[in-house]
Amino acid sequence: MKARHKRIAMIVAGIVVLAIAATLLLNSFRSNLVFFFTPTQVVNGEAPKEGNFRVGGLVENGSLERLSSGTQVKFKVTDTAKTMQVIYTGILPDLFKEGKGVVAQGKLGKDGIFEADQVLAKHDENYMPPEAADALAKAQKNNAYQPKAK
Amino acid sequence: MIPEIGHFSLILAFLFALIQGTLPLAGLAKNNSMLMNLAVPAARAQSILIAISFLCLDYAFYANDFSVLYVASTSNSNLPIIYRLAAIWGGHEGSMLLWVSILAIWTMAVTFFAKKLPLRFYSTLIAVMGLVSVGLLMFILFTSNPFERLIPAAIDGRDLNPLLQDPGMVFHPPLLYMGYVGFSVAFAFAIAALLDGRLDVTWARWTRPWTTAAWIFLTLGIALGSRWAYYELGWGGWWFWDAVENASFMPWLVGTALIHSLAVTEKRNAFKAWTVLLSICAFSLSLLGTFLVRSGVLTSVHAFASDPSRGMFILLFLAIVIGGALVLFALRAPTVGLGEKFEVVSRESLLLTNNVVLIVAAGSVLLGTLYPLLIDAMGMGKISVGPPYFDAVFVAIMAPGIFLMGVGPVARWKKATLPELATKLRWALAVSLVSALLVPSILGKLTLMIFVGLLMAFWIISSVFVSLRIRLQASQKDTLLDKFREITPAFYGMLVAHLGLGIFIVGVTMVKGYETEQDLRMQIGESVNVRGFDFRFDGVKPIRGPNYVAKQGSFYVTKKGTELAILTPEKRLYPVQGAIMTEASISAGMLRDLYVSLGEELEQGAWSVRIYIKPFVQWIWMGALLMALGGILTLIDRRYRSISKNLNIEGAST
């Protein structure tokens, strides 16, 4: 009888621990989901004002500016319909080029400029990050605009 | 001609795999030993044919036969020979061929070992492996034929992705696949046990070395991949929680659980159904991992959908293998039985808890990996799950497991008591608490993360010594040397593997806690001091490699005036694919790595430069190596070599 009680107590304790663990897990999961937005959505104010998200598109030709000291850069990301300003401090990835696809993760500053803490571009000339391709496809559908690069 | 021979042997191999996968099972149903005896010859014929096919494809790479589509798309005549041979696993089709080739290696190994087992059992075992092979070969022949011709032939190939042109990448995929596919043996053992209705201590003893061997390969494969990411991706990270990495990590977690659960099944005849279920899960996750990485579903769900034959086949195959195995498990598990009972406080329940922890950890990784794909596939938008999720959740889940890892080896089987455990471990706990506070205060930075990390590491390391001491004390031998000799290799293996995890956690904690990263703009001749190290930038010079051109920078590193290293990071351009690559330069050491990579060329010869100081980073891979070494030690245990002569197991020793 005593052993049985002990066992039941252990099982109940186990279930409680698991339930707490599951709650924490799902909570952490939800708060770490990073959503993706196209430049059009960002310009239209659909992106969150606070918190991290991703944007993707093409780096607009002629938009890349380096500040004279340090490693801060500014560039514009476009989905061919709308264009947004991004600033980033750090070293850009190898395949970052004007006119090529890019994905940036970060948040909107108070001035409405996107402050990226990560810039991703993949290691293949023809390969477009899926988010960037998605943004272009959406813009194309809405505007019947031709994107400049594949 | 050669590629056609390769293709033809693959078709023949498929036919032999059909024989190997079906007739022995029919023999099992009808109790016909002639049919069952077909398993071994069919399996060997299949394995040899696949080997021929593999060699044919490698010959096509060797001979630069660009009339083969796959060769033309992953190789180039300027590619150094070693990378040409490795380019065979540089793409989807070749990787699948590598997969079945490695399955052939394991199958061949099983046929040599199998004769020691009862006929009914080994023929079923080999038949199950044959069925897996049938599925994979069908996939290759119908959707991913590496021998497909390109007419007219290409003048030259499109080159191997420059990222993969690295010695680490030559060995990483075969090692990883040896691990993935190795779990097919444990899977086949489990299915055979379910079909045969027989699962006992002997079964566990047969299965253990195979599972451990697969786990060793997987451990080494993952470690090599992580090391490669560290120096080749150029940005100093060693683990990104990328879906590709997670795909290999999930089978590893479940495989680790399986190794421990098999130990309990062998020692105590307990956890029987659970062990079978884990065998099924480990292999299912391996299959899932292979396809996640190789089907292109990660780059884009839509690419996956645009080639529906491949995608549908994969889903169907996964459904049949996983679903079939689980249905069989549900029907037959009662015949296998749950096994011996044990008390709430006992080594069994500690190992069970550890198993649950590992499975929950694998589940949380699975959630973070598959959820974005699912959302995307359902057209509900694009999301990504950030590394913070994995970091936080994974550490939180594993921490109690790591605590129990110190307790488990000193607890008694069947029934232990808490006061006894506390007495045994109080010094280990005290030592690790004090060191986890002392070390950071000496280093001058103490955060909760560093404290917890070091506490876990020191706890594991000190409890390893406690369990060694207890084992030595229990020995009846006179001299200390004899006492050491008496301990089995399997026990040493366990200690070394656990020690490896401790070393690994030291590495992770120290890197996360104390690393320095600086992105700088440097002029030629400029010096910069990073954490006591002086880096002087001496400019760049152009150099030429076999299939690339590069600008090579030179950094003169000193500490208080003494020369430490000259680091030469490169910025490479591979013209065939137009790919630019950052080649970092690292001065590795036991206590710290100095890591420099070139960013971009700015005006007037200045460059943007990234400099890292990474304390203890090598310990991460050293720890992984120790884990693998621990696995190897358990393999050389005499118990497993005399399996055949010794089917009735007396009291177990570990």
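Definitions and cut-offs
Residues numbered from 1 in each chain as written. Chains lettered and ligands numbered in written order. Predicted model: local features only at pLDDT ≥ 70, side-chain atom pairs only at ≥ 80, totals over all residues. Helix = DSSP H or I, 4+ residues; strand = E, 2+ residues; numbered from the N terminus. Buried ≥ 20, exposed ≤ 12 C-beta atoms within 10 Å, placed from the backbone. Contact = placed C-beta atoms within 7 Å. Rg over C-alpha atoms; globule rule 2.2 N^0.38 Å. Domains from an automatic or database assignment. Nonpolar A, V, L, I, M, F, W, Y, C, P; charged D, E, K, R; others polar. Pairing = 2+ DSSP bridges. Expected span 1.5 Å × (residues − 1). Axes fitted to C-alpha atoms, helices over the stretch in contact; angles between N-to-C directions. Parallel < 35°, antiparallel > 145°, perpendicular 65-115°, else oblique. Left-handed = near helix turned anticlockwise from the far one by under 90°. Core = buried A, V, L, I, M, F, W, Y, C linked by C-beta atoms within 7 Å. pLDDT = per-residue confidence, 0-100.

(A) The overall build of chain A, seen in detail. On a plain count of helices and strands, chain A comes out with 3 helices and 7 strands. Starting at the N terminus, the α and β elements of chain A follow one another as α-β-α-β-β-β-β-β-β-α. Counting only residues that meet the buried cut, chain A has 36% of its 150 residues in that class. Nonlocal contacts in chain A, meaning residues at least 24 apart in sequence, comprise 57% of its contacts between residues at least 6 apart.

(B) The overall build of chain B, seen in detail. Tallying secondary structure elements over chain B gives 21 helices and 11 strands in all. For 654 residues, the compact-globule formula gives about 26 Å, and the C-alpha radius of gyration of chain B, at 27 Å, lands near that figure. Across its three principal axes, chain B shows a C-alpha extent of roughly 80 × 75 × 55 Å. Taken over 654 residues, chain B has a buried fraction of 51%. Looking at chain B alone, contacts between residues at least 24 apart form 74% of all its contacts between residues at least 6 apart.

(C) Looking closely at the domain arrangement of chain B. For chain B, the assigned domains read domain 1 (1–165), domain 2 (166–394), domain 3 (417–514) and domain 4 (516–616). Domain 1 of chain B and domain 3 of chain B are separated by 45 Å when their C-alpha centres are compared.

(D) Focus on the environment of Ala26 of chain B. Here Ala26 of chain B shows up in helix 1 (residues 2–30). Under the C-beta neighbour-count criterion, Ala26 of chain B is labelled partly exposed, with 13 such atoms within 10 Å.

(E) Quick look at the interface of chain A and chain B. Each side of the interface is counted separately: chain A has 29 residues, and chain B has 33 residues. A per-element tally of the side of chain A that touches chain B places helix 1 (residues 2–31) of chain A first, with 8 residues. When its residues are assigned to classes, the side of chain A that touches chain B shows 13 nonpolar, 7 polar and 9 charged. Sheet topology note: the strand 1 (residues 33–37) of chain A/strand 1 (residues 383–385) of chain B ladder contains 3 bridges and is antiparallel. Within strand 1 of chain B, the position partnered with Phe35 of chain A by the bridge is Ile383 of chain B.

(F) Quick look at helix 20 (residues 618–635) of chain B. All names here are of chain B. Over its 18 residues, helix 20 extends 26 Å from the first C-alpha to the last, a length consistent with the 26 Å expected when each residue adds 1.5 Å. Buried residues of helix 20: Gln618, Trp619, Ile620, Gly623, Ala624, Leu626, Met627, Ala628, Gly630, Gly631, Leu633 and Thr634, and no others. Of the surrounding elements, those touching the buried residues of helix 20 are helix 9 (201–232), helix 19 (489–514) and strand 10 (592–601).

(G) Geometry of the packing of helix 8 (residues 167–196) of chain B against helix 9 of chain B. Residues and elements named next belong to chain B. Relative orientation of the contacting elements helix 8 and helix 9 amounts to 155°, with a least axis distance of 7 Å. By the angle between their axes, helix 8 is roughly antiparallel relative to helix 9. Two packed elements cross with a definite hand, and for helix 8 against helix 9 that hand is left-handed.

(H) Geometry of the nonpolar core. Counting 188 residues, the largest nonpolar core has Val100, Leu103, Leu125, Ile126, Ala186 and Val254 of chain B as the members making the most contacts within it. Broken down by element, this core gets its largest block of residues, 18 residues, from helix 8 of chain B. Among the nonpolar cores identified, the runner-up in size contains 37 residues, and Val86, Val103 and Ala139 of chain A together with Tyr548 of chain B belong to it.

(I) Representation of the packing of helix 9 of chain B against helix 20 of chain B in the model. All names here are of chain B. Relative to each other, helix 9 and helix 20 sit at 165°, their axes nearing to 9 Å. With respect to each other, helix 9 and helix 20 are oriented roughly antiparallel. Where helix 9 crosses over helix 20, the handedness of that crossing is left-handed. Taking contact as the criterion, the partners of Pro209, Thr212, Ala213, Trp215, Ile216, Thr219, Leu220, Ala223 and Arg227 in helix 9 are, on helix 20, Trp621, Ala624, Leu625, Met627, Ala628, Gly631, Ile632, Thr634 and Leu635. Considered class by class, the residues forming the contact of helix 9 with helix 20 number 13 nonpolar, 4 polar and 1 charged.

(J) Spotlight on the environment of Asp166 of chain B. Residue and element names in this part refer to chain B. Topologically, Asp166 is positioned in the loop between helix 7 (119–143) and helix 8. The class for Asp166 is partly exposed, based on 17 C-beta atoms found within 10 Å. With residues near it in sequence (within four places) discarded, Asp166 still touches Trp228 and Glu232.

(K) Region of interest: the pairing of strand 5 (residues 549–559) of chain B. Residue and element names in this part refer to chain B. The sheet contact formed by strand 4 (residues 533–544) and strand 5 spans 9 bridges and is antiparallel. By the bridge assignment for strand 5, Lys541 is matched with Gln552. Taken together, strand 4 and the strand that follows it, strand 5, pair antiparallel across an intervening segment of 4 residues. Examined bridge by bridge, strand 5 and strand 7 (residues 570–574) share 4 bridges and lie antiparallel to one another. If you follow Lys551 over to strand 7, its bridge partner there is Lys571. Here strand 5 pairs with strand 6 (residues 562–567) via 5 bridges, running antiparallel. Bridge pairing in strand 6 places Thr558 opposite Glu563. Between the end of strand 5 and the start of strand 6, which pair antiparallel, lie 2 residues, with Lys560 showing a positive phi angle near 50°.

(L) A look at the confidence of the model for chain B. Mean pLDDT for chain B: 89, with 96% of residues reaching 70 or above. Under the prediction, the complex receives an ipTM of 0.78, its pTM being 0.91.

(M) Spatial organisation of the sheet that holds strand 9 (residues 585–587) of chain B. Residue and element names in this part refer to chain B. Strand order across the open sheet formed by 4 strands is 2-11-10-9, with antiparallel pairing between neighbours. Every interior strand has two partners, whereas the edge strands, strand 2 (516–522) and strand 9, have only one. Recorded for the sheet is a direction-independent mean angle of 20° between the axes of neighbouring strands. Sheet analysis places strand 10 next to strand 11 (residues 607–615), joined by 8 bridges and oriented antiparallel.

(N) Looking closely at unusual backbone geometry. All names here are of chain B. Here the bond from Ile151 into Pro152 is cis, since omega is -5°, no more than 30 degrees from zero. Within the element layout of this structure, Pro152 appears in the loop between helix 7 and helix 8. With phi around 60°, Asn31 is a residue other than glycine that occupies positive phi space. In this structure, Asn31 sits in the loop between helix 1 and helix 2 (33–36). Asn31 gets classed as exposed once you count the C-beta atoms within 10 Å, which come to 9. Of note in the backbone geometry, Asn269 takes a positive phi value of approximately 60° without being a glycine. Counting through the fold element by element, Asn269 comes out in the loop between helix 10 (243–268) and helix 11 (272–294). Taking the number of C-beta atoms within 10 Å as the measure of exposure, Asn269 has 17 and is therefore partly exposed.

(O) Highlighting the pairing of strand 7 of chain B. All names here are of chain B. Counting buried residues along strand 7, 4 of its 5 residues qualify, which places the element largely inside the surrounding structure. Where strand 7 meets strand 8 (residues 579–583), 5 bridges bridge the pair, whose relative direction is antiparallel. Across the sheet, Glu570 pairs through a bridge with Glu583, a residue of strand 8. Where strand 7 hands over to strand 8, the hairpin turn is made up of 4 residues, of which Gly578 adopts a positive phi near 65°.

(P) Highlighting the confidence of the model for chain A. Residue and element names in this part refer to chain A. Taken residue by residue, chain A gives an average pLDDT of 80. The fraction at 70 or more is 85%. Of all the helices and strands in chain A, helix 3 (residues 130–143) carries the lowest mean pLDDT, 71, while strand 5 (residues 83–89) carries the highest, 91. Low pLDDT, under 50, characterises residues 144–150; the predicted model gives this stretch 13 contacts beyond four residues in sequence or across chains.

(Q) Summary view of the environment of Ser33 of chain B. Residues and elements named next belong to chain B. Mapped onto the elements, Ser33 comes out in helix 2. For Ser33, a count of 12 C-beta atoms within 10 Å puts it in the exposed group. Placed 365 residues apart in sequence, Ser33 and Met398 show a C-alpha to C-alpha distance of 48 Å. Once residues within four sequence positions are removed from consideration, Ser33 is found in contact with Gly27 and Leu119.

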